[in-house]
Amino acid sequence: MTNPAPILELRGVNKSFGAVHVLRGVDFNAYPGQVSALVGDNGAGKSTLIKGVAGIHSFDSGEYLFEGSPANVHAPRQANALGIEVVYQDLALCDNLDVVHNMFLGREEKQGVILDEITMERRAKETLAGLSVRTLKSVRQQVSSLSGGQRQTVAIARAVLWNSKLVILDEPTAALGVAQTEQVLKLVRRLADNGLAVILISHNMNDVFEVADNIACLYLGMMAAQVHTKDVTHGQVVELITSGRSGDIGLQPEILANGAVA
Amino acid sequence: MSATQVTDVDIPEAGDTGGLGKALRDYFIRVKGGEVGSLPAVAGLIVLIALFSILQGGTFFTALNFANLINQGTAVIVLAMGLVFVLLLGEIDLSAGFAAGTAAAVLAVGLTKYGLPWPLALIACLLTGLVIGLIIGLLVARLGIPSFVVTLAAFLGLQGVMLLIIGEGGTIGIQNDFLLAIMNRNMPVWTGWLLWLLVILGYAFVTFRAIRARKAAGLSGSSASVWAAKVVSLAILLGVGVYLLNGERQIVRAGKQSCVIMGPPNEPVGCIPILQGVPWAVLVVLLLLVGLTFLLSRTSFGRHVYAVGGNTEAARRAGIKVSSIKITCFMICSTLAAVAGVLLASRDNSVSPTTGGAQTLLFAVGAAVIGGTSLFGGRGRVVDAIVGGLVVAVIANGLPLITSQSGIQYVVTGGVLLVAASVDALSRRRSSASGR
Ligand SMILES: Nc1ncnc2c1ncn2[C@@H]1O[C@H](COP(=O)(O)OP(=O)(O)O)[C@@H](O)[C@H]1O
Ligand SMILES: [Mg+2]
């Protein structure tokens, strides 16, 4: 299977916090129409990588290519302008506002100074319908009355509302039960099937194997491998996560030896 | 959205939300889910009015007393309207009472000592409020000092500033007719009814147009019966108010004889002029209600106020400038406090070091919270201030009629505030429990 042209391409990015070298020459691609899982142990650097992509902090060195050309992303706004949206683990929804208000928060549709509730409600409904979301009773429900899965759905729908091209999800199923996890994974798959590039951070191998097209394994801030899901087994991925290497895929032994020392 | 799609509101569509019964059921579900709004306050108001009317046998539910109630409640209501903005953020402004007093002192000194024309003195008074709010807002939002501490300091500081402006122990009289008229004069009877008509028609038109636009866009909206029921109830409620205020009433002050209007040969006997009509202060409250409600519910500023109060971090990530929202809210609060200061000065015909002091602020916070504004931020409306303010005024007005012990009034008002805060805390628990 050949990959389409990547929408996001990171080449040899580095990031340090003071003396701590967190990301070491990481290569990473995300493809339109595909779910790219980003896995790795706690502290491997997943969040740091994602924050760099989203412009929350900038990489120290390395190339950041978006749609084939170098992109200048040093602030969240610049990432948004490119069509990059992040759904953070804590979702960041306002409980006291309804679904429509949350989806448009900070980017309200207006007629003059007056909020254009009708346009916002219609667009919210269209977006939810486009994602085949049928679990919401009403888009005028307060978010406080929604279940965890429904909240996740709203947060994801908010991310795709803005003609986004790349949606990054940080552990979207971590706090959910079995049925709701299933619901959210279906939604994640649908995003990709609608042509979006999706980056999914997850600790759950079942989730990863269920929806991801390719899997990128970070090991101590290094990219052990980014492989097609169908080319690897659960066991191999776990091995890549825990030791950076599995059979002939993964980091070279001498790099591993250096990395462990540094 | 073609013209053919614009149907009469009465014709049920696929998206129609159903009639009155459905609307009531939905409301009940929302209340059970913790969105109680001003329901407890409205219920409390009705109970209190009924209670006082029965216990007091007549004097409570009269035109004169209703006018007194408004006279006592207006400044507290306006102060509470400002506090709603600060409470929505989850903050507090303890200095609003003395902000009112300080602004009133600026007004009085401007009029007397500097001989300013009243519009200039009024502008100076409102600017005083604006600047107080700006300073508090900057300290809270930029320096990150808890609003409780900042406004406690302002509470003390402004008391001093006020004394300095007025001069020790002094009382400054207000002689300006326009300013005195706000709290002391009434509209002609016909103006009251005209205002009533305008309010009802305005409300009916705006809500009807909104429903119509939603239907035209293929969205569900409330049905015609719900709309009609709301318009009619509002018309009746306000109609009773206007009717009562348009009734003849006399001011009987302590020390003055209650006056008999007509002697036997059909001649007036040493009588104070008959008073009737809606106090002009009501218009002030009405304009503020409409303007501020529009600001909170129809503009993105208002939306952002709720967002900051609901989840500050989420608001920040959504690109909302949290500190400017906070600063603006404190400025609105203190400016409305200045308006309340004008009302207090007008009511008392003077400004003294006690203007805006004593329980004024506590009553205003009580009014906002009793009306349904949450102390936890994110929940509340401007109209809450009116409903809650009326509850506070009814207690303050009704209790002295049945007991002479002023201690009881404090105990009861404090108790009601605690009940309101408990309802707030419980409904908050409920609404977070009904999710997940
Ligand atoms: N702002 C920061 N300052 C200093 N160190 C940081 C910062 N953010 C992350 N780190 C460090 O970088 C490493 C990778 O963290 P992170 O990207 O959060 O890992 P992951 O998300 O994969 O669990 C950790 O050792 C963490 O302590
Ligand atoms: Mg992380």
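Keep in mind the model is a prediction, meaning the values are calculated, not measured.

Draft legend 1. Broad picture of the overall build of chain B. Of the regular secondary structure elements, chain B holds 16 helices and two strands. For chain B, with 436 residues in total, the buried portion stands at 46%. Considering only intrachain contacts with a sequence separation of at least 6, the fraction spanning at least 24 residues in chain B is 79%. Counting only carbon and sulfur atoms, one obtains 69% of the accessible surface of chain B, whose full area is about 20,800 Å².

Draft legend 2. Seen up close, the pairing of strand S6 (residues 84–87) of chain A. Residues and elements named next belong to chain A. Of the two faces of S6, both are covered, the one formed by Ile84 and Val86 as well as the one formed by Glu85 and Val87. Relative to strand S9 (residues 166–170), S6 runs parallel, the two sharing four bridges. Residue pairing across strands places Glu85 opposite Val167, the latter belonging to S9.

Draft legend 3. Up close: a nonpolar patch on the surface. Residue and element names in this part refer to chain B. Taken together, the side chains of Tyr114, Leu116, Leu120, Ile123, Leu127, Leu130, Val131 and Ile135 define a hydrophobic patch exposed on the protein surface, amounting to about 710 Å² of accessible area. Tracing the backbone shows Leu127 in helix H5 (residues 118–141). Leu127 gets classed as partly exposed once you look at its relative accessible area, which sits at 44%.

Draft legend 4. Spatial organisation of the site of ligand 1. All names here are of chain A. In the vicinity of ligand 1, the contacting residues are Phe17, Val22, Asp41, Asn42, Gly43, Ala44, Gly45, Lys46, Ser47 and Thr48. A distance of 3.0 Å separates an oxygen atom of ligand 1 from a polar backbone atom of Gly45. Protein coverage of the free-state accessible area of ligand 1, which is 550 Å², stands at 56%. Ranked by residues supplied to the shell around ligand 1, first place goes to helix H1 (residues 46–54) with three residues. A class-by-class count of the residues in the shell around ligand 1 yields three nonpolar, five polar and two charged.

Draft legend 5. Focus on the side chain of A:Glu171. Residue and element names in this part refer to chain A. Here Glu171 shows up in the loop between S9 and helix H6 (178–193). In this structure Glu171 is buried but unpaired, with Lys46 as the nearest side chain of opposite charge at 5.5 Å. Apart from residues no more than four positions distant in its own chain, Glu171 is found in contact with Gln89, Ile201 and His203.

Draft legend 6. The packing of aromatic side chains, seen in detail. Throughout the structure, instances matching the rule amount to six aromatic pairs over all chains. Residues A:Phe59 and A:Tyr64 carry aromatic rings whose centres are separated by 6.5 Å and whose planes lie at 45 degrees to one another, so their mutual orientation is tilted. Look at A:Tyr64 and you get buried, because its relative accessible area is 9%. Summarising the aromatic geometry, the rings of B:Trp118 and B:Phe178 are spaced 4.0 Å apart at their centres and angled 15 degrees between planes, so their arrangement reads as stacked.

Draft legend 7. A look at the sheet that holds strand S2 (residues 20–30) of chain A. Residue and element names in this part refer to chain A. The sheet built from four strands is open, its strands ordered S2-S1-S4-S5 with antiparallel pairing. Edge strands, defined here as strands with exactly one partner in the open sheet, are S2 and strand S5 (69–70). Relative to S2, strand S1 (residues 8–17) is paired through seven bridges, and the arrangement is antiparallel. Residue pairing across strands places Glu9 opposite Asn29, the latter belonging to S2. With respect to the sheet, H1 is in contact with S1, S2 and strand S4 (61–66), its orientation differing from that of S1 by roughly 115 degrees.

Draft legend 8. Expanded view of the environment of A:Glu67. Residue and element names in this part refer to chain A. On the secondary structure map, Glu67 appears in the loop between S4 and S5. Placed 62 residues apart in sequence, Glu67 and Ala5 show a C-alpha to C-alpha distance of 8.1 Å. Beyond its immediate sequence surroundings of up to four residues, Glu67 is in contact with Ile7 and Lys165. A distance of 3.4 Å separates polar atoms of two side chains, one belonging to Glu67 and the other to Lys165.

Draft legend 9. Expanded view of the UniProt feature "domain: ABC transporter" (unreviewed entry) in chain A. When the UniProt feature table is mapped to this numbering, "domain: ABC transporter" (unreviewed entry) covers residues 8–245 of chain A. Spanning residues 8–245 of chain A, this segment combines 34% helix with 28% strand, and its end C-alpha atoms are found 25 Å apart.

Draft legend 10. Looking closely at the domain arrangement of chain A. Residue and element names in this part refer to chain A. Taken domain by domain, chain A comprises domain 1 (8–83 + 164–261) and domain 2 (94–163). Of the residues lining the interface, 15 residues belong to domain 1; the matching set on domain 2 comes to 16 residues. Buried area between domain 1 and domain 2, summed over both chains or domains, comes out near 1,200 Å², and the portion from carbon and sulfur atoms is 61%. Counting the contacts that link domain 1 with domain 2 gives zero salt bridges. Between the two partners, domain 1 and domain 2, sit six residue pairs in polar contact (both at pLDDT 80 or more). Elements supplying a minimum of two residues to the side of domain 1 that touches domain 2: S9 and H6. At six residues, the largest contribution of residues to the side of domain 1 that touches domain 2 is made by H6. Looking at the side of domain 1 that touches domain 2 residue by residue, the classes come out as eight nonpolar, five polar and two charged.

Reading the values: rules and limits
Residues numbered from 1 in each chain as written. Chains lettered and ligands numbered in written order. Predicted model: local features only at pLDDT ≥ 70, side-chain atom pairs only at ≥ 80, totals over all residues. Heavy atoms only, no water. Helix = DSSP H or I, 4+ residues; strand = E, 2+ residues; numbered from the N terminus. Buried < 20%, exposed > 50% of the residue type's maximum accessible area, 1.4 Å probe, protein only. Contact = heavy atoms within 4.5 Å. Areas by Shrake-Rupley, 256 points an atom, 1.4 Å probe, with all protein chains shown as cover. Pairing = 2+ DSSP bridges. Patch = residues over 30% accessible without salt bridge, like charges linked within 9 Å, V, L, I, M, F, W, Y side chains within 5 Å. Salt bridge = Lys/Arg side-chain N within 4 Å of Asp/Glu carboxyl O. Near = heavy atom within 4 Å. Polar contact = N/O pair within 3.5 Å; in protein donor to acceptor, adjacent residues only side chain to side chain. Nonpolar A, V, L, I, M, F, W, Y, C, P; charged D, E, K, R; others polar. Lys, Arg positive; Asp, Glu negative; His and termini not counted. Phe/Tyr/Trp six-rings, centres within 6.5 Å; stacked < 30°, edge-to-face > 60°. Axes fitted to C-alpha atoms, helices over the stretch in contact; angles between N-to-C directions. UniProt positions renumbered as here; feature names shortened; annotations may be inferred. Domains from an automatic or database assignment. Buried area = accessible area lost by both parts, 1.4 Å probe.

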